[in-house]
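For reference, the chains in residue letters:
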Amino acid sequence: MMTAIQLNAMNTELWQSIGAIADSEPLMKRLTRYAKKLVKEKYDPTLMTKQEFFAKIERAEQQAGKSFANVEELDKYIRSL
């Protein structure tokens, strides 16, 4: 976790960098695309690391067999692991 001072310094650096490229349309377009990508990553609940994925598989393998009435039940179960 970052301290308030570290966050403030990072915010200042970010805004200074944006100001430095604000007069360049191609750079601002690239920055906007990258910012959108970061926002998507932050809010995508389905993203997980490779390690998290395989840990879920291992936990599932350790449990007794299960059956599901439909895909939604299966999906709900998988997300709960």
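Residues numbered from 1 in each chain as written. Predicted model: local features only at pLDDT ≥ 70, side-chain atom pairs only at ≥ 80, totals over all residues. Heavy atoms only, no water.

*Asks:* Is there a simple way to explain a nonpolar patch on the surface in this structure?
*Replies:* A surface patch of nonpolar side chains, about 250 Å² in accessible area, is lined by Met2, Leu7 and Met10. In this structure, Leu7 sits in helix α1 (residues 4-21). Residue class for Leu7 comes out partly exposed when judged on its relative accessible area of 40%. (Patch = residues over 30% accessible without salt bridge, like charges linked within 9 Å, V, L, I, M, F, W, Y side chains within 5 Å. Areas by Shrake-Rupley, 256 points an atom, 1.4 Å probe, with all protein chains shown as cover. Salt bridge = Lys/Arg side-chain N within 4 Å of Asp/Glu carboxyl O. Helix = DSSP H or I, 4+ residues; strand = E, 2+ residues; numbered from the N terminus. Buried < 20%, exposed > 50% of the residue type's maximum accessible area, 1.4 Å probe, protein only.)

*Asks:* Help me understand the packing of aromatic side chains in this model?
*Replies:* Aromatic rings in a pair are described by how distant their centres are and how their planes are angled relative to each other. In the structure shown here, the tally under the stated rule is 2 aromatic pairs. Plain terms: the ring middles of Phe53 and Phe54 are 5.2 Å apart, the flat faces sit at 75° to each other, and that makes the pair edge-to-face. Here Phe53 falls in the partly exposed class, since its relative accessible area comes to 41%. Ring centres of Phe68 and Tyr77 lie 5.3 Å apart, and the angle between their planes is 40°; on these two criteria the pair is classed as tilted. Judged by relative accessible area, Phe68 falls into the partly exposed class, the value being 31%. (Phe/Tyr/Trp six-rings, centres within 6.5 Å; stacked < 30°, edge-to-face > 60°.)

*Asks:* Teacher, can you tell me more about the layout of surface pockets here?
*Replies:* Unoccupied space between atoms shows up once a probe the size of one water molecule is rolled over them. Space inside the largest pocket adds up to approximately 230 Å³. When residues of the lining of the largest pocket are traced back to their parent elements, those giving at least two are α3 (50-61) and α4 (71-80). The element contributing the most residues to the lining of the largest pocket is α3, with 7 residues. The residue inventory of the lining of the largest pocket, partitioned by class, reads 9 nonpolar, 1 polar and 4 charged. In this structure, the second largest pocket is lined by Leu14, Trp15, Ile18, Leu31, Tyr34, Ala35 and Leu38. Put simply, the parts of the chain that give the lining of the second largest pocket at least two residues each are α1 and α2 (25-43). (1 Å grid on protein atoms, 1.4 Å probe; cavity = no way out; pocket = protein on both sides within 12 Å on 5 of 7 lines; lining within 4 Å. Points joined across faces, edges and corners; volume = space filled by probe spheres on them. Nonpolar A, V, L, I, M, F, W, Y, C, P; charged D, E, K, R; others polar.)

*Asks:* Sorry if this is basic, but what is going on with the pattern of salt bridges here?
*Replies:* A side chain of one charge can pair with a side chain of the opposite charge when the charged atoms of the two come close. Within the structure shown, the criterion is met by 2 salt bridges. For Lys29, the salt bridge goes to Glu25, with nearest N and O atoms at 3.3 Å. You can see Lys29 and its partner Glu25 sitting in helix α2, 4 residues apart, about one turn around the helix. Accessibility expressed as a relative area gives 46% for Lys29, which makes it partly exposed. Note that Asp75 is salt-bridged to Arg79, the shortest N-O span being 3.1 Å. Placement of both Asp75 and Arg79 in helix α4 is noted, with a separation of 4 residues, approximately one turn of the helix.

*Asks:* Looking at this model, I keep getting lost on the environment of Pro26. Mind explaining?
*Replies:* Inspection of the secondary structure assignment puts Pro26 in helix α2. Remark: the alpha-carbon pair of Pro26 and Met48, spanning 22 residues in sequence, is separated by 32 Å.

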